[in-house]
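Observations on the model geometry
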Amino acid sequence: MWYKAGKFILRFRFPLLVIVTVATAFMAWQASKVQLSYDFTRALPTDNPKYQDYQSFLKKFGGDGNTMVIGIGSDQFYKTTFFNEVGALHQALKKIAGVTDILSIPEVVNLKNDSAEHRLLPEKIFQYPYTSQSLLDSDRTVLENLPFYRGLLYNPETHSYLMGVNVNKDTINSKSRTRLINDILAQVQLFEKKTNTTVYASGLPYIRTTIGNRIKNEMNWFLIGSLVLLVVTMFLFFRSVSATLMSLAVVGAGVVWSLGTIVLLGYKITLLTALIPPLVVVIGIPNCIYFLNKYHTAYLDLRDRDKALITMVGRMGIVTLFCNIAAAIGFAVFALTKSDLLKEFGAVAGINIMALFLISLIFIPAVLSYLPPPEAKHTRYLENALLEKILLRIEKWTFQHSRWVYGVTAVITVFAILGIFRIKSEGFIVDDLPKNDKVYTDLKWFEQQFGGVMPLEILVDTKKKKGIFRSKPISKIDELSAYIEADPATARPLSFVEGLKFAKQAYFDGDSMSYTIPYESDLVFMAPYLQTQNDTAKTTSPKGVTRLISSFMDSSQQVARISVNMKDIGSAKLPLLLNHFEQKANEIFDTASYKITFTGSSISFLEGSSFIIRGLKESIVWAFALITLCMLYLFRSFRILVCSLIPNLIPLVITAGVVGWAGIALKPSTVLVFSVALGIAIDVTIRFLINYKQELPHYNHQVSQTLVQTIRHTGISIIYTSLVLIAGFIIFCISDFGGTKALGWLTSLTLVVGTLTNLILLPVLILSTSGRKHS
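Sequence order as written defines residue numbering, which begins from 1 separately in each chain. With pLDDT at 70 or above as the cut-off, local features in this predicted model cover only qualifying residues; side-chain atom pairs require 80 or more to be listed or tallied, and sums for whole chains, interfaces and linings still use all residues. Side-chain measures were taken over the full set of non-hydrogen atoms in the model, leaving aside hydrogen atoms and water.

The next thing to look at is the nonpolar core. Ranked by size, the top nonpolar core spans 248 residues in total, and within it Ile105, Phe126, Tyr149, Ile184 and Phe496 carry the most contacts. Helix and strand labels come from DSSP, where a helix needs a run of H or I of at least four residues and a strand needs a run of E of at least two; each type is numbered from the N terminus. Per-element tally for this core: the top contributor is helix 12 (residues 340-370), with 17 residues. Contact between two residues is taken to exist if any of their heavy atoms lie within 4.5 Å; hydrogens are not considered. For Ile184, the contacting residues outside a window of four places in its chain are Met68, Ile70, Leu93, Ile96, Val99, Val165 and Val167. By size, the runner-up hydrophobic cluster in this structure holds five residues, among which are Tyr54, Phe57, Phe61 and Leu459. Note on terminology: a nonpolar core comprises buried Ala, Val, Leu, Ile, Met, Phe, Trp, Tyr and Cys residues joined through side-chain atoms within 4.5 Å. The classification of residues rests on relative accessible area computed with a 1.4 Å probe and restricted to protein chains. Under 20% of the type maximum is buried, over 50% is exposed, and intermediate values are partly exposed.

By the element assignment, Glu695 lies in helix 24 (residues 668-695). Relative accessible area serves as the criterion here: at 8%, Glu695 is assigned to the buried category. With sequence-adjacent residues up to four places away left out, Glu695 is seen in contact with Arg315, Thr706, Gln709 and His713.

Only strands joined by at least two bridges in the DSSP assignment are considered to pair. Ordered in space as 9-8-10, the three strands form an open sheet in which the pairing is antiparallel. At either margin of the open sheet sits one strand with a lone partner, and together these are strand 9 (559-566) and strand 10 (595-599). Direction aside, neighbouring strands of the sheet carry axes that sit 20 degrees apart on average. In terms of strand pairing, strand 8 (residues 454-461) meets strand 9 through eight bridges, oriented antiparallel. Along strand 9, the bridge assignment pairs Ile458 with Ile562. Angles run from 0 to 180 degrees between N-to-C directions of axes, and those axes are lines fitted to C-alpha atoms, restricted for helices to the stretch in contact. Relative to strand 9, helix 16 (residues 471-485) is tilted by about 10 degrees, and along the sheet it contacts strand 8 and strand 9. Those strands touched by helix 22 (residues 601-635) are strand 8, strand 9 and strand 10, and its axis lies near 105 degrees from that of strand 8.

Definition used for salt bridges: Asp or Glu carboxyl oxygen within 4 Å of a side-chain nitrogen of Lys or Arg. Within the structure shown, the criterion is met by 14 salt bridges. Across the pair Arg561 and Glu457 runs a salt bridge whose closest N-O atoms are separated by 2.9 Å. Residue Arg561 is located in strand 9, and its partner Glu457 is located in strand 8; the two are separated by 104 residues in the primary sequence. Judged by its relative accessible area of 2%, Glu457 falls in the buried class. Within this structure, Asp478, Arg492, Glu498 and Lys501 form a network of salt bridges that share partners.

In this scheme Phe, Tyr and Trp rings, the latter by its six-membered ring, pair at centre separations within 6.5 Å, and the angle between planes marks the pair as stacked below 30 degrees, edge-to-face above 60, and tilted otherwise. Within this structure, the stated rule accounts for 31 aromatic pairs. Ring geometry for Phe148 and Tyr149: centres 5.2 Å apart, planes at 85 degrees, overall edge-to-face. Among the residues examined, Phe148 registers a relative accessible area of 6% and is labelled buried. Taking the centre distance of 5.8 Å and the plane angle of 65 degrees together, the rings of Phe331 and Phe345 count as edge-to-face. Linking Phe331 in helix 11 (residues 305-332) with Phe345 in helix 12, this pair joins segments that are 14 residues apart in sequence.

Attention shifts here to helix 3 (residues 49-61). In this analysis, the expected span of each helix is defined as 1.5 Å times one less than the number of residues it contains. Taking 1.5 Å per residue, 13 residues should reach 18 Å; helix 3 reaches 18 Å between its end C-alpha atoms and fits that length. All of the buried residues along helix 3 are Tyr51, Tyr54, Phe57 and Phe61. What you see down the axis of helix 3 is that its buried residues fit within an arc of 125 degrees, all on one side. Turned more than 90 degrees away from the buried face of helix 3, the exposed residues are Pro49 and Lys59. On its buried side, helix 3 packs onto strand 8, strand 9, strand 10 and helix 22. Downstream of helix 3 by a residue or two, Gly62 has a phi angle that is positive, lying close to 95 degrees. By construction, the arc corresponds to the directions joining the helix axis to the C-beta atoms.

With that settled, consider the confidence of the model for the protein. Across the chain, each position has a pLDDT score giving the predictor's confidence in that residue, from 0 to 100. When pLDDT is averaged along the protein, the result is 85; 96% of the residues meet or exceed 70. Looking at the elements of the protein, mean pLDDT is at its lowest for helix 19 (residues 536-540), recorded as 39, and at its highest for helix 4 (residues 80-94), recorded as 96. Across residues 532-543 the pLDDT falls below 50, and counting only partners more than four positions away or on other chains, this stretch makes 24 contacts in the model.

The next subject is the packing of helix 24 against helix 26 (residues 738-769). Put simply, helix 24 and helix 26 touch, their axes get as near as 8 Å, and they point 30 degrees apart. Regarding the angle of helix 24 to helix 26, the classification is roughly parallel. Of the two elements, helix 24 crosses helix 26, and the hand of that crossing is right-handed. Residues Ser669, Thr670, Leu672, Val673, Ala677, Ile680, Ala681, Val684, Thr685, Phe688, Leu689 and Tyr692 of helix 24 pack against Gly739, Ala742, Leu743, Leu746, Thr747, Thr750, Leu751, Asn758, Leu762, Pro763 and Ile766 of helix 26. Of the residues contributing to the contact of helix 24 with helix 26, the split by class is 16 nonpolar, seven polar and no charged. Throughout this description, any angle smaller than 35 degrees is read as roughly parallel, any larger than 145 degrees as roughly antiparallel, any in the 65 to 115 degree range as roughly perpendicular, and the remainder as oblique. It is the rotation of the near helix from the far one that decides the hand of a crossing: anticlockwise by less than a right angle makes it left-handed, clockwise makes it right-handed. Each residue is assigned to one of three groups, with Ala, Val, Leu, Ile, Met, Phe, Trp, Tyr, Cys and Pro labelled nonpolar, Asp, Glu, Lys and Arg labelled charged, and all others, Gly among them, labelled polar.

On to empty space enclosed by the protein, then. In this analysis the probe radius is 1.4 Å and the grid spacing 1 Å, with only protein atoms considered; a cavity is a set of points the probe fits into but cannot get out of, a pocket is an open set with protein on both sides within 12 Å along at least five of seven lines, and lining residues have an atom within 4 Å of a point. Grid points are joined across faces, edges and corners, and a volume is the space filled by probe spheres set on the points. In total, this model carries six cavities of 30 Å³ or more according to the counting rule given. A volume near 70 Å³ is recorded for the largest cavity. Contributing to the lining of the largest cavity are Ile429, Met454, Met566, Lys567, Asp568, Ile569, Gly570, Ser571, Leu574, Ser602 and Phe605. Considering only residue class, the lining of the largest cavity consists of six nonpolar, three polar and two charged.

This brings us to the pairing of strand 6 (residues 160-167). The element strand 6 is extensively covered by neighbouring structure, given that seven of its eight residues are classed as buried. Sheet topology places strand 1 (residues 67-73) next to strand 6; seven bridges connect them, and they run antiparallel. For Ile70, the partnering residue across the bridge sits in strand 6 and is Met163. Sheet topology note: the strand 2 (residues 99-103)/strand 6 ladder contains four bridges and is antiparallel. Paired with Ile102 across the strands is Val165, a residue of strand 6. Taken together, the two bridges between strand 5 (residues 154-155) and strand 6 define a ladder with antiparallel strand orientation. Bridge pairing links Asn155 to Ser160 in strand 6. Between strand 5 and strand 6, which pair antiparallel and follow one another directly, the connecting turn spans four residues, one of which, His159, has a positive phi of 55 degrees.

Okay, structure coming up:
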């Protein structure tokens with residue numbers, strides 16, 4: 001069949017090349033329309049309860065992750081010159097397109113009791129720019145008499161001050177987000193220069209935009225790096241410009257097809273699918289090496305270019321097909337999960353690995369048929385003295401030291417299994433960043449000064465309309481808020497109760513001792529002040545008390561919102577913390593009368609991370625099962641199946657052991673390694689065993705002689721291919737992100753071990769189980 005395919009390709013080489021070229025041009029046109037995705041909530045399926053809770057919250061309250069925070073630490077803050085610059089920064093930020101609101105000290109308001117009109121009027125505390133220090137000090141005293149702002153906008157003990165910049169949710173979830181964040185940072189940097197002060201920035205919009213842009217830029221560099229690696233590697237191996245350019249064309253077409261597939265399937269580029277183009281390059285190189293290596297060896301035997309090309313397709317077609325099927329399975333199994341992010345990644349990667357096989361199968365023999373036969377310098381790599389010594393040593397181990405091979409393998413495997421029991425599953429929102437990165441250090445500054453910036457939302461449903469404005473739920477919300485505030489992992493919660501306290505203080509003429517929850521009698525007297533129709537400030541100023549209070553409840557006044565900023569404590573501690581909060585909430589609130597829901601970006605991150613890890617673990621099982629079926633179909637022998645699986649399981653066990661002993665946390669990026677590496681590493685097994693099966697009849701089914709020939713014939717190309725794959729994944733180790741680094745070096749480690757087990761352990765297994773005579 002495959003020999004007929006080789007003849008068919010050579011006979012119709014020109015129309016086949018035209019078809020591949022036209023198809024690639026079409027995919028390039030589609031690829032030109034590719035877009036980036038800015039949706040960060042798609043890790044969870046739509047039927048997940050946590051996802052539904054979060055979507056329900058968004059419908060009621062709009063969002064919780066749209067605030068960028070700017071921090072200033074200085075004991076000069078209340079000096080006139082410095083304070084005026086802070087006010088100027090506020091005004092400059094306010095003018096930026098996409099900024100919807102700013103909360104900062106220069107613009108804070110006090111509430112004044114207009115007893116004649118029965119309303120609370122907002123009144124600016126600070127009238128900057130100041131020329132009088134005494135006037136600024138006087139206004140500062142007014143602010144510090146308002147407990148509402150303490151801990152929210154300033155930390156009096158450390159002279160730290162916070163500015164909250166709310167951004168438009170549509171803008172921050174579009175390609176304009178980079179422009180928006182850069183415009184904000186430009187004003188911050190100008191302020192730093194004027195005041196000679198370090199300013200800190202954080203918040204989910206800033207963190208997500210910064211990390212997203214860095215990953216996008218890194219992927220571009222990785223793609224360039226993998227292409228450079230291709231050029232250098234192919235030229236060093238084959239000493240041929242034409243072979244190098246041909247291989248570059250193959251993987252280039254693969255990259256174009258991958259981007260075109262994303263558009264055709266209606267997807268956008270995510271942080272996961274952005275990995276596919278460089279992965280296509282890395283996986284595509286072995287196809288080129290396999291075909292070229294067989295072409296060169298066949299030409300040396302036959303001295304006829306066309307016959308050598310037909311032999312190349314006949315011998316390597318099935319090998320490359322099943323190698324690509326195995327690699328495709330390693331990725332495509334992600335499409336079996338319920339996560340949209342993983343589904344898209346698996347579908348696009350799986351489809352394009354198989355497309356890469358078709359491109360290689362048609363393009364390489366067709367192009368080679370137009371080129372002159374290989375010269376002596378092009379095949380010199382087949383006589384590498386160092387590799388020949390290594391292969392001779394492998395033969396010696398196989399036939400003379402099999403017990404040592406088993407013993408060393410067993411010891412290393414047992415040690416790795418012990419390491420597996422040390423693996424811990426934990427992730428942080430910014431744990432992929434170096435500890436000295438500004439995004440990381442700024443986040444830690446906010447955690448130390450203000451208790452954190454990661455949003456947690458608690459919804460209190462009274463199960464009846466207008467059930468919130470009663471003393472009982474008010475006191476219960478205040479009690480839960482006090483409990484949460486006492487925890488070192490959280491900042492002071494905000495709710496409509498804090499707004500009521502602020503209003504009560506204003507009602508009693510600004511007495512700070514009155515900043516307490518209103519009693520039932522207080523609510524009766526304060527009711528006219530809290531009516532929307534009387535709050536003229538709401539229509540004239542965004543600082544009216546009604547707006548402040550109503551932003552923390554739904555329109556029916558049935559559901560109240562408690563907003564909490566918390567530290568990035570990680571996915572291991574967060575469930576424990578939430579469990580404590582939920583237990584306390586159940587103690588305070590009667591579950592028959594109230595429904596308490598914990599949601600927000602922090603919950604979504606935890607659930608999404610856990611869900612992806614579970615999906616990846618399941619995908620490894622699926623990948624192993626499907627690859628096992630492929631191997632069984634290919635070799636039709638249970639004994640060979642067992643021999644093929646053991647050398648590929650051991651590298652995964654060893655890598656998992658290294659993860660445990662090195663203290664690397666189990667998270668999506670590290671779990672991803674195992675499924676990907678299994679699909680790629682088993683290529684070596686397939687190449688070795690198919691060659692062994694093809695050679696066996698030529699040596700009268702003598703296992704020993706066939707193994708010697710297989711090791712010598714396939715060993716060089718296996719080593720070359722493995723080196724290219726390892727070098728391709730090592731590129732990811734230069735990343736600034738821990739997850740990408742882990743993907744690089746852990747996959748490389750798995751491939752190194754997989755090469756060794758397939759070249760050393762696999763022949764020993766075949767020899768041991770064959771009775772040293774027959775297959």
